[in-house]
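Observations on the three-dimensional arrangement
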Amino acid sequence: MVVKYRFRLYLFSLAMMCGFGLLVFRLWSLQIDRREEFAKMIPGAKKERARIPGPRGEIKDRNGVVLATNKASFEVRINLAEVVTEYKRSVAEYNRVNKDKEKKTIPEITFEISERGIKRMKPELDIYKIFEETITARMIEMGVHKDYSVDSLRVHYRSFGGAVPWVYRDDLTFTEFSRIAEHNLGLPGVTVAERASRVYPLKSVACHILGYVRLPDDQRASAEDRKGWDYYVPDDFGGAGVEKSFDNYLRGKPGVRVMQRDQRGRPVGEVDEEYEEPRKGNDVYLTLDARMQIIADKALRDAKIGRGDVAVIDPNSGEVLAMVSVPSFDPNQFIPSIQQSDWDSLLDNKTVPLLNRAVKGHVPGSTFKIPISFAGCLAGINLNHFNCSGSVTYGTKAMQCWIQRQSGGSHGTLGLSDAIKYSCNCFFYRYGNAAGIGNITKVGKILGLGTRTGIELEDESPGILPNPDWLRANHPAERWSDGFTANTSIGQGFVLASPLQMASVSATVANGGKAWSPHLLKRVMDHDQAVLENPPSLRGDLSASVKPEEIEVIRRGMWKVVNDPSGTGKGARITGVEVAGKTGTAQNWRLDEKRVKHDDNHTWFICFAPYKDPKFAVAVLVQNGKSGGGCAAPVARRVLEQCLALDNPKYIVDVTPMEPAEGHFNHIASVQYADAAVPEGLGADEDGDVGTGVSAPEPADADAPRVNTTPNIKRKADSAGSAGSNSGQNVPKAVPVRRVGIFNRGGSQETKPSDSAPSGGGFFRKLFR
């Protein structure tokens, strides 16, 4: 009997276990195995793909010093379409519950549009009022509201709806970020996110080279870009400088976050298994040496130069080692957007801090006699002698040498080397015409004059190397003559060249005739793996058609400029180092905003050192200086001395942030550093090398930079978007909304604000990855 009942018990237990097992299996099948199948069958339930921007790669100097990197910034993003949907639902619920009260309506406005030239008024939802009632009151309650531009809000909603989030705030502190993340569960469409934001740790150092980044505006975030995304958060992109030139290397790979919505279209959670982490972009290494960049920057600042630049390149490769322009700016002003007042201040500044003077064409003056010397070598006249009687007449015009205007004298008969030393105008009038404008043009193309050098900066100007074809195209009423060739031969008239171009000319003399293309890109790295190595590129080789001994005549002439007692560049002498160079002082005028003409001479010095086995080629431009020998040569000396000293391990240059250099129009009579001795025999009036006075005066906006990509400008908050303007007695009580958000995976929940920010970084790392 006992066995019989025990068997029945076992049988019952087995049946129970089988039934429970079937139930578990069925539950697993329905809820887990076939979850996606049933989710698709629920009306309105769907997944949405959100794009996560990839962080940009870093920009570093040749030694790995970071020039541009990223920091965490916190944003409040609003899906305006979701705000509208939840508002409509709440209004409908309010009207259903309160049938005996006045019905609430969806606010609308009208705005003017033009279709086929016909203007008409078009109605649309008043997103501003909806935003104020739904979002602003809660933001004020949490203490995180900031004034905003209502016009910006309306334009964004009109353009994108909810496809691209509207950034309500891009400057949250971590405390504010934490507070919103904790308490925004009742705010439809509101998310707070951590974003990689650009930062330039050295401030104004290399600002004209680095440029800045910006976010796409409403026109850049095209439908093609948004294709495949339900929620599109765009990348930063390069707006200027190498940030723009190397944007394709620096941009990161976007990640993916998939959000699940219920049948009512509200987010209920995130699909972790479909998350894809964004990838950082490649790191770009520049040819710059941050130490040399700071050396050149300080050399200009310590000399109290208000407008000028320094370019330093490696004569054996064309690598740009330093390129400084003053005045300067802090690119951090542009991140994430620049205030309208700051942008206006930069544009209205008459000294033009946005301009990279190192790649803009200026009247080169007598430094241009060096490429003319090469043209004579091509013509086979470099060993010829020409007489300077004080002036040369072309047509009816007597073109003087600077020595006749200064003392009434002349240089007599000179060879090329001494003509370079004395910077004799009459010699080069005759020499240039003997060489011929054809050979001058040929040499210019090899050296990169009158054309872009190819430096990876879009704001580089080609300069002007005038010739008969150029004159016909630009001044059809004029006819080319020997007078034009004479003027070109001393770097006056229509001639324009940038300091970078003239540094390349000096480098070509230094290395014996090879014209390397100046460049900024050293390599591109993906972590420790090289993506790209950028080898030197030879633009042209004058040594193939000019004999070494002919090039040595030019080199020797530049040596005499600095080292001969009667040379014009003694201010560049360095004890123990042979420096070779060429001065230039080009007459120039500046017209102010009232069209009043002011003297604004361009004073130059180009050089290389050491004379044997050159390491550096330098070009210095000082605007509104008295002479190239007295103003620019001492700056070049300062730069060369300290750059050469870097070979000594004990010589340390502190690479620290620098505030923007201020510009001015003050006249620079001479440059003398407090800790440097005056070279023997150098007087205040040294270097009488001044052009013929035929250069056209530059208008007041001649230095205005081309702003090809306007930065993100933070629109000034209007009165309607100011805190409290539409909250309080003038605004109806906020419509209650169900508190749903991506941060509440369990559904709706009521919360109360707290003054304390949540702790636990792991929570936020999980939430925002």
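Just so it is clear, the model here is predicted, and its values are computed rather than measured.

**Thoughts on the overall build of the protein chain**
Secondary structure summary: the protein chain contains 23 helices and 29 strands in total. Of all 769 residues assigned to the protein chain, the portion counted as buried reaches 54%. Considering only contacts in the protein chain between residues 6 or more positions apart, those separated by 24 or more positions represent 76%. As presented, the protein chain carries roughly 34300 Å² of accessible surface, and 51% of it is formed by carbon and sulfur atoms.

**Considerations on the sheet that holds strand E14 (residues 320–326)**
Strands sit in the order E14-E13-E28-E27-E24 across an open sheet of five strands; the sheet is antiparallel. On the outer flanks of this sheet lie E14 and strand E24 (580–586), each paired with one strand and no other. Strand-to-strand twist of the sheet, defined as the mean angle between neighbouring strand axes without regard to direction, takes the value 5 degrees. As paired elements, strand E13 (residues 308–313) and E14 share six bridges and run antiparallel to each other. Within E14, the residue paired with isoleucine 313 across the bridge is valine 320. Along the sheet, helix H11 (residues 290–302) makes contact with E13, E14 and strand E28 (616–623), crossing E14 at roughly 30 degrees.

**Brief notes about the environment of arginine 62**
Mapped onto the elements of the fold, arginine 62 is located in the loop between strand E2 (59–60) and strand E3 (66–78). Note: C-alpha distance between arginine 62 and leucine 286 (224 residues apart in sequence) is 5.5 Å. Once residues within four sequence positions are removed from consideration, arginine 62 is found in contact with Leu286, Thr287, Leu288, Asp289, Glu319, Leu321, Lys522 and Arg523.

**Some points on a nonpolar patch on the surface**
There is a patch of nonpolar side chains on the surface, built from Phe20, Leu23, Val24 and Leu27 and spanning about 390 Å² of accessible area. Its location among the elements puts leucine 27 in helix H1 (residues 2–33).

**A closer look at the packing of helix H3 (residues 80–97) against helix H4 (residues 127–142)**
Think of two packed helices as two axes; the pair is described by the angle between the axes and how far apart they sit. H4 packs onto H3 with a crossing angle of 75 degrees between their chain directions and a minimal axis gap of 10 Å. With respect to each other, H3 and H4 are oriented roughly perpendicular. Seen from H3, the contacting residues are Leu80, Val83, Val84 and Tyr87; seen from H4, they are Ile127, Ile130, Glu133, Thr134 and Ile135. Split into classes, the residues belonging to the contact of H3 with H4 amount to seven nonpolar, one polar and one charged.

**A word on the packing of H4 against helix H5 (residues 150–160)**
Across the interface, H4 lies against H5 with an axial gap of 9 Å and an inter-helix angle of 110 degrees. In this view, H4 runs roughly perpendicular relative to H5, as classed from their interaxial angle. In this structure, the crossing between H4 and H5 has a hand that is right-handed. Residues Ile127, Tyr128 and Phe131 of H4 form the contact with H5, whose participating residues are Val150, Leu153, Arg154 and Tyr157.

**A few points about helix H16 (residues 425–435)**
Across the 11 residues that make up H16, a large majority, eight, are buried. Listed in full, the buried residues belonging to H16 are Asn425, Cys426, Phe427, Phe428, Tyr429, Tyr431, Gly432 and Ala435. Count one or two residues on from H16 and you reach glycine 436, which has phi positive near 95 degrees.

**Some details on the packing of aromatic side chains**
When we look at a pair of aromatic rings, we describe it by the centre distance and by the angle of the planes. The full count for this structure, using the stated rule, is 19 aromatic pairs. Each ring, one from tryptophan 470 and one from phenylalanine 494, has its centre 5.0 Å from the other, and the planes form 50 degrees; the classification is tilted. A residue pair is termed long-range when its members are at least 10 positions apart, and tryptophan 470 in helix H18 (residues 468–474) and phenylalanine 494 in the loop between helix H19 (482–489) and helix H20 (499–511) qualify at 24 residues. On the basis of an interplanar angle of 20 degrees and a centroid distance of 6.2 Å, the ring pair of phenylalanine 484 and phenylalanine 494 is categorised as stacked. On the criterion of sequence distance, the pair formed by phenylalanine 484 in helix H19 and phenylalanine 494 in the loop between H19 and H20 is long-range, its members being 10 residues apart.

**Brief notes about the nonpolar core**
Nonpolar side chains in soluble globular proteins generally cluster together in the buried interior. With 141 residues, the main nonpolar core has Leu286 and Val635 as its most contacted residues. Broken down by element, the residue count for this core peaks at nine residues, all from helix H22 (residues 628–645). If we skip the residues at most four places from it in the chain, valine 635 touches Ala299, Leu300, Ala303, Ile305, Val310, Val620, Val671 and Tyr673. Phe74, Val91, Ile127 and Phe131 belong to the second-largest nonpolar core, a separate cluster that totals 30 residues.

**Focus on the environment of leucine 644**
Considering the arrangement of structural elements, one finds leucine 644 in helix H22. Judged by relative accessible area, leucine 644 falls into the buried class, the value being 15%. When residues no more than four places from it in sequence are discounted, the contact partners of leucine 644 are Val577, Pro610, Lys615 and Phe616.

**Concerning the pattern of salt bridges**
Oppositely charged side chains are able to pair whenever their charged atoms sit close together. By the definition in use, this model includes 31 salt bridges. Ionic pairing is found between arginine 291 and aspartate 289, a salt bridge with its closest N-O pair at 2.9 Å. Residue classification places arginine 291 among the partly exposed residues on the basis of a relative accessible area of 28%. Aspartate 289 sits in the buried class, given a relative accessible area of 3%.

**Quick look at the confidence of the model for the protein chain**
Of all residues in the protein chain, 83% have pLDDT values of 70 or greater, and the mean over the chain is 83. When the criterion is pLDDT under 50, residues 692–701 qualifies, and its contacts beyond four places in sequence or with other chains add up to 32 contacts. In the predicted structure, residues 724–769 sits below a pLDDT of 50 and forms 96 contacts with residues beyond four places in sequence or in another chain.

**Notes on unusual backbone geometry**
Following valine 326, the chain continues into proline 327 via a peptide bond in cis, with omega recorded as 0 degrees. With respect to the helices and strands, the residue proline 327 is situated in the loop between E14 and strand E15 (338–339). Backbone torsion omega between alanine 609 and proline 610 reads -15 degrees, so that peptide bond is classified as cis. Structurally, the position occupied by proline 610 is in the loop between strand E27 (602–609) and E28. Positive phi outside glycine occurs at histidine 527, with the angle close to 60 degrees. For histidine 527, the position within the fold is in the loop between strand E21 (521–526) and strand E22 (529–533).

About the cut-offs
Residues numbered from 1 in each chain as written. Predicted model: local features only at pLDDT ≥ 70, side-chain atom pairs only at ≥ 80, totals over all residues. Heavy atoms only, no water. Helix = DSSP H or I, 4+ residues; strand = E, 2+ residues; numbered from the N terminus. Buried < 20%, exposed > 50% of the residue type's maximum accessible area, 1.4 Å probe, protein only. Contact = heavy atoms within 4.5 Å. Areas by Shrake-Rupley, 256 points an atom, 1.4 Å probe, with all protein chains shown as cover. Pairing = 2+ DSSP bridges. Axes fitted to C-alpha atoms, helices over the stretch in contact; angles between N-to-C directions. Patch = residues over 30% accessible without salt bridge, like charges linked within 9 Å, V, L, I, M, F, W, Y side chains within 5 Å. Salt bridge = Lys/Arg side-chain N within 4 Å of Asp/Glu carboxyl O. Parallel < 35°, antiparallel > 145°, perpendicular 65-115°, else oblique. Nonpolar A, V, L, I, M, F, W, Y, C, P; charged D, E, K, R; others polar. Left-handed = near helix turned anticlockwise from the far one by under 90°. Phe/Tyr/Trp six-rings, centres within 6.5 Å; stacked < 30°, edge-to-face > 60°. Core = buried A, V, L, I, M, F, W, Y, C linked by side-chain atoms within 4.5 Å. pLDDT = per-residue confidence, 0-100.

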